[in-house]
Amino acid sequence: MELKGKKVLVFGAGISGIGSCGLLEREGAEVILYDGKADLDIEKVRGQLGSDTVQIMTGTFPEELLEKLDLVVISPGVPTDLPVVLRMKEKNIPVWGEIELAYVCGKGDILGITGTNGKTTTTSLLGEIMKNAFESVFVVGNIGNPYTTVAAETKEDSVIVAELSSFQLESIHMFRPKVSAVLNITPDHLNRHHTMEAYIQAKMDIAKNQTAEDVCVLNYEDEVTRNMAEKISASVIYFSRAHKLEKGIFLDGDSIIYKPEQNQDGILVCRTSDLQILGVHNYENVMAAVAMAAAYGVDMDIIRHTVTSFKGVEHRIEFVAEKNGVVYYNDSKGTNPDAAIKGIQAMVRPTILIGGGYDKQSDFHDWIRSFDGKVRYLVLIGATREQIQKEAAECGFTNCILKDTFEEALDACVELARPGDAVLLSPACASWGMFPNYEVRGNEFKKYVQQL
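Summarised in this report is the structure supplied together with it. Note that the structure is a prediction, hence the values are computed from the model and not measured.

### Here we look at the environment of F319
For step 1, the next point in the chain: Turning to its location among the elements, F319 is positioned in strand β15 (residues 318–323).
For step 2, the next point in the chain: In the structure, F319 is positioned 10 residues away from Y329 in sequence and 4.7 Å away in space, judged by C-alpha atoms.
For step 3, the next point in the chain: The residues contacting F319, other than those within four sequence positions of it, are V327, Y328 and Y329.

So, in structure tokens, the structure goes:
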């Protein structure tokens, strides 16, 4: 679509919406920024836009505007089944996500990563590999850097490594990665997608435009992702932590082995003892990143050097400090039960665990069962604290302590912890309602610990 002169509505005034407005203005579109919050600080938004020509509208959506729009670009936080969005579609107004907009306006090859857990670590690691192999590399998407803010800078030889959420993938049309990956799929965001089937479909959409010339990396151990191979056109590379694959990348004892083709000798990528990140889930993230980089043609020596130098991602089982014989770990990015299970599995000490937060309609039984005798106390906060306490009791775990504030929870952890213990912030819930995002929650935890 030629965007010059088109009247385009950007729905949502967060960082994605701001990025979309900037890109659309560069393309010569007439831009309207709309947000449903009637109390939105328009002057603050105007400052973020750095533009006087974008029209800003708030509050109730003006229905008469639907007759004048050529395109709508929705931010990831805007549900695609909102009545006003459905009316836009009924009127045959194209509704794009900001990922689609950036793709249409940008250049270069996309390497896209999705999955319930592990996206940020895999994206960060793959981004580092690509930066060590190519000159023009951009790491974008759900990792906190909107693709729209860099699309205009991309060139034909650019490599764009994109972390993609289900919210972002819901609204793509032509978006086509050269190499994609679906790391795993477990229940999450069902308050938004409503059914597991819809959530799975959103994740699968990362490969919907790929052809046999493209590659999709899939988790062999996840039944849902393994079966995706039958439904997509891309060439598939599997990674596996438990099976020695005829073709793909797998864990063999403490060795990560890559076999590009059947009947070929495997290539030793590295040993798990060479890695600086903890846990089997991180070995899976490494295998996915290696497979994507190798499929794109990166030299194995560059891949090997990068993965063994990689120190991990902030807020993901991040060592904070040891105070009075107690080790503190920040896993604020454990925003759902499956991610938080990985945090517990990485612990090798008796653990005081902080859990609870925003209610995403998750089931916590498997998370509690994963404690496996490691968790001495579970300190609970947020909207889900009573539900988690109830489900913990159903699993036979009764050492729950409920607190009203984050600081009270931290005070309780310090009081309960003994030398040799770990204190782990791995809430199994989103931070909304108490914090703007998991980063703020993790930073507050680190700040508190450093002041002990």
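### What to know about the pairing of strand β2 (residues 30–35)
For step 1, the next point in the chain: Burial within β2 is extensive, with five of its six residues counted as buried.
For step 2, the next point in the chain: Where strand β1 (residues 7–11) lies against β2, five bridges are found, and the strand directions are parallel. Paired with V8 across the two strands is V31, which belongs to β2.
For step 3, the next point in the chain: Viewed along the sheet, the connection from β1 through helix α1 (residues 15–26) into β2 turns out right-handed.
For step 4, the next point in the chain: Pairing analysis gives four bridges linking β2 to strand β3 (residues 55–58), with the strands arranged parallel. When the bridges of β3 are listed, I32 appears paired with Q55.
For step 5, the next point in the chain: The parallel pair β2 and β3, bridged by helix α2 (residues 42–49), forms a crossover whose chirality is right-handed.

### With respect to the sheet that holds strand β5 (residues 95–97)
For step 1, the next point in the chain: Reading across from one edge, β3-β2-β1-β4-β5 is the order of the five strands in this open sheet, with parallel pairing throughout. Edge positions in the sheet fall to β3 and β5, since each has one partner strand and no second. Going across the sheet, the axis of each strand differs from the next one's by a mean of 25°, ignoring polarity.
For step 2, the next point in the chain: Of the pairings in the sheet, the one linking β1 to strand β4 (residues 71–74) comprises four bridges and is parallel in character. Note on β4: the bridge partner recorded for F11 is I74.
For step 3, the next point in the chain: Here helix α3 (residues 83–90) sits on the sheet and contacts β1, β4 and β5; the angle it forms with β1, its principal contact strand, is near 155°.

The rules behind these values
Residues numbered from 1 in each chain as written. Predicted model: local features only at pLDDT ≥ 70, side-chain atom pairs only at ≥ 80, totals over all residues. Heavy atoms only, no water. Helix = DSSP H or I, 4+ residues; strand = E, 2+ residues; numbered from the N terminus. Contact = heavy atoms within 4.5 Å. Buried < 20%, exposed > 50% of the residue type's maximum accessible area, 1.4 Å probe, protein only. Pairing = 2+ DSSP bridges. Right-handed = clockwise from strand over helix to strand, strands pointing away. Axes fitted to C-alpha atoms, helices over the stretch in contact; angles between N-to-C directions.

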